[in-house]
Amino acid sequence: MIELRQLTKSFDHDQTRAVDGLNLSIRTGETMVLLGSSGCGKTTTLKMINRLIEPTEGEIFLNGDNVLDASPVVLRRKIGYVFQGIGLFPHMTVRRNVEVVPRLLGWSRAKRRARAEELLELVGLAPDEFAGRHPRELSGGQQQRVGVARALAVNPDYLLMDEPFGALDAVTRDSLQQELLQLQRRLTKTIVFVTHDIFEAVTLADRIAVLHDGKLQQVGTPKEILTAPASDFVRELVEKPAQQLKTFQEAGA
Ligand SMILES: Nc1ncnc2c1ncn2[C@@H]1O[C@H](COP(=O)(O)OP(=O)(O)OP(=O)(O)O)[C@@H](O)[C@H]1O
Ligand SMILES: [Mg+2]
């Protein structure tokens with residue numbers, strides 16, 4: 001379980017409050033989607049959870065332990081992170097990219113190799129074909145798969161995913177979303193998934209947290225968010241997609 005308590009991050013001597021008094025509990029095994037438009041504080045929230053950014057105020061607990069008391073190495077073991085814009089190391093092969101955290105933790109060469117191959121299989125990239133390539137020799141979708149494999153490398157309990165399918169066409173994105181759902185059924189991680197796409201949010205989420213200007217607007221199941229928006233902002237966010245959904249449903253009825 002991840003608990004955010006009064007989590008706040010200010011920049012520029014408090015001129016910008018990227019995240020502002022955020023309270024949120026993410027249950028073990030659930031996929032929580034942080035949904036909101038550009039600049040609302042999604043990435044900042046995610047980075048504070050694994051201490052890539054330190055909070056200005058507030059606390060974060062992982063299964064009751066304060067994250068600020070944990071060493072970054074321990075956090076890398078517990079938390080897998082998929083960066084916005086993929087973030088693979090361009091000079092490293094696919095295999096080396098996947099092995100980054102296992103290396104950091106001192107795994108043997110044989111163990112790293114076996115794990116990288118297992119993960120590449122898992123995300124649908126044949127190791128024989130892809131392990132020795134560099135990121136520039138892969139399509140955008142294949143690179144995003146490597147990003148997911150890298151995040152899973154040491155079998156972390158938690159997965160933080162920052163718009164991992166953001167740069168993809170609708171068809172590829174849809175297939176990666178379905179694969180993530182299947183993976184989640186097998187692995188049952190606790191996932192915080194960031195997106196600005198309400199369709200993606202509804203597809204993947206057990207619950208959605210809507211953010212606006214660093215503040216939490218509403219937390220609820222996709223159905224609750226769609227059918228009972230708690231503020232004008234959320235209503236506006238869901239109104240159009242909800243209408244489209246209704247049209248789809250009526251067309252299918
Ligand atoms: N290092 C920084 N210094 C100053 N302001 C920052 C810094 N990092 C982020 N911000 C500001 O904090 C706010 C939230 O940024 P954040 O990256 O969390 O947004 P986001 O929701 O992830 O947006 P996007 O969907 O565009 O990725 C923005 O207004 C941003 O300009
Ligand atoms: Mg972001």
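Source: prediction; values computed, not measured. (Residues numbered from 1 in each chain as written. Chains lettered and ligands numbered in written order. Predicted model: local features only at pLDDT ≥ 70, side-chain atom pairs only at ≥ 80, totals over all residues.)

Moving on to the overall build of the chain. Counting its secondary structure elements, the chain contains 11 helices and 10 strands. For the chain, the C-alpha radius of gyration of 19 Å lies close to 18 Å, the compact-globule estimate for 253 residues. For the chain, the spread of C-alpha atoms along the principal axes amounts to about 55 × 50 × 30 Å. Residue burial in the chain is summarised as follows: out of 253 residues, 40% are buried. Long-range contacts, defined as pairs at least 24 residues apart, comprise 66% of the intrachain contacts of the chain with a sequence gap of at least 6. (Helix = DSSP H or I, 4+ residues; strand = E, 2+ residues; numbered from the N terminus. Rg over C-alpha atoms; globule rule 2.2 N^0.38 Å. Buried ≥ 20, exposed ≤ 12 C-beta atoms within 10 Å, placed from the backbone. Contact = placed C-beta atoms within 7 Å.)

The nonpolar side chains of soluble globular proteins are, as a tendency, buried together. Within the largest apolar cluster, 62 residues are counted, with the highest numbers of intra-cluster contacts made by V33, L160 and V192. Excluding its chain neighbours within four sequence positions, the residues that come into contact with V192 are I2, I26, M32, L34, L46, I49 and L160. (Core = buried A, V, L, I, M, F, W, Y, C linked by C-beta atoms within 7 Å.)

Looking now at the sheet that holds strand β8 (residues 190-195). Ordered by their spatial adjacency, six strands build an open sheet running β6-β7-β8-β3-β9-β10, and the pairing between neighbours is mixed. Looking along the sheet, the strands with just one partner apiece sit at the ends: β6 (79-82) and β10 (215-220). Adjacent strand axes in the sheet meet at a mean angle of 15° when their direction is disregarded. Here strand β7 (residues 158-162) pairs with β8 via five bridges, running parallel. Bridging across to β8, M161 finds its partner in F193. Across the sheet, helix α1 (residues 42-49) touches β3 (31-35), β7, β8 and β9 (207-212), and the angle it forms with β8 is around 155°. (Pairing = 2+ DSSP bridges. Axes fitted to C-alpha atoms, helices over the stretch in contact; angles between N-to-C directions.)

All right, on to the sheet that holds strand β2 (residues 16-26) then. Pairing is antiparallel in the open sheet, where four strands are placed in the order β2-β1-β4-β5. Looking at which strands have only one partner, the edges of the open sheet turn out to be β2 and β5 (65-66).

Positioned with a positive phi, Q6 is a non-glycine residue whose angle comes to about 50°. Along the polypeptide, Q6 turns up in strand β1 (residues 2-11). One non-glycine residue, H13, adopts positive backbone phi at about 50°. For H13, the position within the fold is in the loop between β1 and β2.

A separate point is the site of ligand 1. If you check the shell around ligand 1, you find 14 residues, and the closest are F11, A18, S38, T43 and T44. When the residues that make up the shell around ligand 1 are grouped by side-chain class, the tally is three nonpolar, nine polar and two charged. (Near = placed C-beta within 6 Å. Nonpolar A, V, L, I, M, F, W, Y, C, P; charged D, E, K, R; others polar.)

For the rest of this paragraph, the subject is the confidence of the model for the chain. Residues at a pLDDT of 70 or more form 99% of the chain, whose mean pLDDT is 91. The least confident element of the chain is helix α11 (residues 232-252), whose mean pLDDT is 83; the most confident is β3, at 97. (pLDDT = per-residue confidence, 0-100.)

Our next topic: the environment of V19. Looking at where V19 falls in the secondary structure, it is placed in strand β2. Owing to 28 C-beta atoms within 10 Å, V19 belongs among the buried residues under this scheme. Sequence-wise, V19 and E57 are 38 residues apart; in three dimensions their C-alpha atoms are separated by 9.8 Å. Ignoring any residue separated from it by four or fewer positions in sequence, one finds V19 in contact with L7, T8, K9, G41, T44, T45 and G214.

Inspection of the secondary structure puts M48 in helix α1. Spatially, the C-alpha atom of M48 lies 8.3 Å from that of I60, the residues being 12 residues apart in sequence. In this view, M48 contacts L7, K9, I53, P55 and I60; residues no more than four positions away in its chain are not counted.

The topology assignment puts C40 in the loop between β3 and α1. Each C-alpha atom, one on C40 and one on T190, is 22 Å from the other, the two residues being 150 residues apart in sequence. Not counting the four nearest positions on each side in its chain, C40 is found in contact with L211, H212, D213 and G214.

In this section: the pairing of β1. Examined bridge by bridge, β1 and β2 share seven bridges and lie antiparallel to one another. Residue I2 lies in a different strand from β2, and its bridge partner there is I26. In this antiparallel pair of consecutive strands, β1 and β2, the connection spans four residues, and D12 shows a positive phi of 50°.

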